[in-house]
Amino acid sequence: MGWFWADGPQPRPSQALSHYTLPASQDGMRSPPPGCPMHKHQKSADSITSPSGCPVKHTPAASGPPSGCPVPHGSSPNSTEHRKEWKRECKNDYESKSALSKLNPLNYMFRDISQAPAPDQTQDLPTSREPSTIPRGDGDGNWEYPSPQQMYNALLRKGYTDTDVTAVESMVSVHNFLNEGAWAEIMDWERRFSGGLYKGWRMCSRGEQNVGAMTKKYGYQKEVEDLSPSLVRFQGRPKDMTPKAAMIQVMGWLYPGAFGTEPPFDRHDWYVSRETNGQRKEVRYVIDYYSGPPEPSGEPVFYLDVRPAMTPTGAAERALRWGCDIWWRAIGGDLREDVREREKKIKPQ
């Protein structure tokens, strides 16, 4: 996940996770192919268990090569010119003074990724890039996802030399799909708390199901509609298990029937620019990516646990949103409101 590019201006329901089912693509592929390097969990010092293989369930439909490649296949990627370009690019990278100087500070990826085929690449890949719906923090439009060719080149540079070139297009689709889902979850948090904790409490006071009604009751609709958060930068941290994910693994070890689940296969930190009372501030969100059992029809299922980082403000937002929802359901809030409305109707005038 998180394969945005920035090359200059241009589980369980009880865990409050958001469910995403990957729709079938035009070529019938529904899941990332086996051995997807972006789904290989890397054990952290805090992890309790170590998963084996890719956590996403794979279906036979995903094993075939993608169809409809828009890149002409007449030229060979193994030509001398391609090899020279690839070697020249790699040489420039490794002659940099430090490892950090090779990375773009907005996404911690290589600053420039070639669209040229890699040496010994057996199949041409598309070079077109898909725009996201996520605004850039610098105001220059939306973030763009990498092309399949760029992703393949980046994976090779990161050391995933066994990447199946025929799997890259479906990998790009999966990762773009999950990033869009993560941004949708962040927007839900921003709608509630971009105006401050007090407004957020009022909107959350009657649980998740009534947020829209409370927003309307207190006259916050226009403020919510005019929200304009943007993604400043982000960082993939697959080796760093979040405290919440580690706690869930401990609970799963103690009570496997209630909490047993695979560790998240990825973690991201997203830094979002939020405007509050006319002032911009940066808010960090933490995202854990889980895979779940596939649908009966074969589509893979993912769960995203998206929440503000555990800063004082972020902790208060999490406590208000989840605490209000649990309290409202625990006291039977909706049932009480229904009874009260019926009593009003039958009460003699």
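Residues numbered from 1 in each chain as written. Predicted model: local features only at pLDDT ≥ 70, side-chain atom pairs only at ≥ 80, totals over all residues. Heavy atoms only, no water.

Caption draft 1: Structural context of the pattern of salt bridges. Applying the stated rule across the entire model yields 21 salt bridges. Three or more residues are tied together by salt bridges with common partners; here these are R237, D240, R267, D269 and R284. (Salt bridge = Lys/Arg side-chain N within 4 Å of Asp/Glu carboxyl O.)

Caption draft 2: Spatial organisation of helix α2 (residues 148–157). Counting buried positions along α2 yields 10 of 10 residues, so the element is predominantly enclosed. Residues of α2 that are buried: P148, Q149, Q150, M151, Y152, N153, A154, L155, L156 and R157. In the segment just after α2, G159 is the residue with positive phi, at about 105°. (Buried < 20%, exposed > 50% of the residue type's maximum accessible area, 1.4 Å probe, protein only. Helix = DSSP H or I, 4+ residues; strand = E, 2+ residues; numbered from the N terminus.)

Caption draft 3: Spotlight on a nonpolar patch on the surface. Together, V250, W253, L254 and Y255 make up an exposed nonpolar region whose accessible area comes to about 460 Å². Among the structural elements, L254 can be located in helix α7 (residues 243–254). (Patch = residues over 30% accessible without salt bridge, like charges linked within 9 Å, V, L, I, M, F, W, Y side chains within 5 Å. Areas by Shrake-Rupley, 256 points an atom, 1.4 Å probe, with all protein chains shown as cover.)

Caption draft 4: The packing of aromatic side chains, seen in detail. Scanning all chains against the criterion turns up 7 aromatic pairs. Through a chain of ring-to-ring contacts, three or more aromatic side chains come together here, namely W189, F193 and W322. Positioned above the aromatic ring of Y271, the side-chain terminus of R233 is 4.0 Å from the ring centre. Over the ring of W189 we find R321; its NZ or CZ atom is 4.5 Å from the centre of that ring. (Phe/Tyr/Trp six-rings, centres within 6.5 Å; stacked < 30°, edge-to-face > 60°. Lys NZ or Arg CZ within 6 Å of the ring centre and 35° of its normal.)

Caption draft 5: Spotlight on the pairing of strand β9 (residues 301–308). Of all the 8 residues making up β9, 8 are buried; the element is thus mostly covered by neighbouring parts of the structure. A two-sided burial pattern is seen for β9, the buried positions comprising V301, Y303, D305 and R307 on one face and F302, L304, V306 and P308 on the other. In terms of strand pairing, strand β8 (residues 279–292) meets β9 through 8 bridges, oriented antiparallel. When the sheet's bridge partners are listed, Y289 is paired in β9 with L304. (Pairing = 2+ DSSP bridges.)

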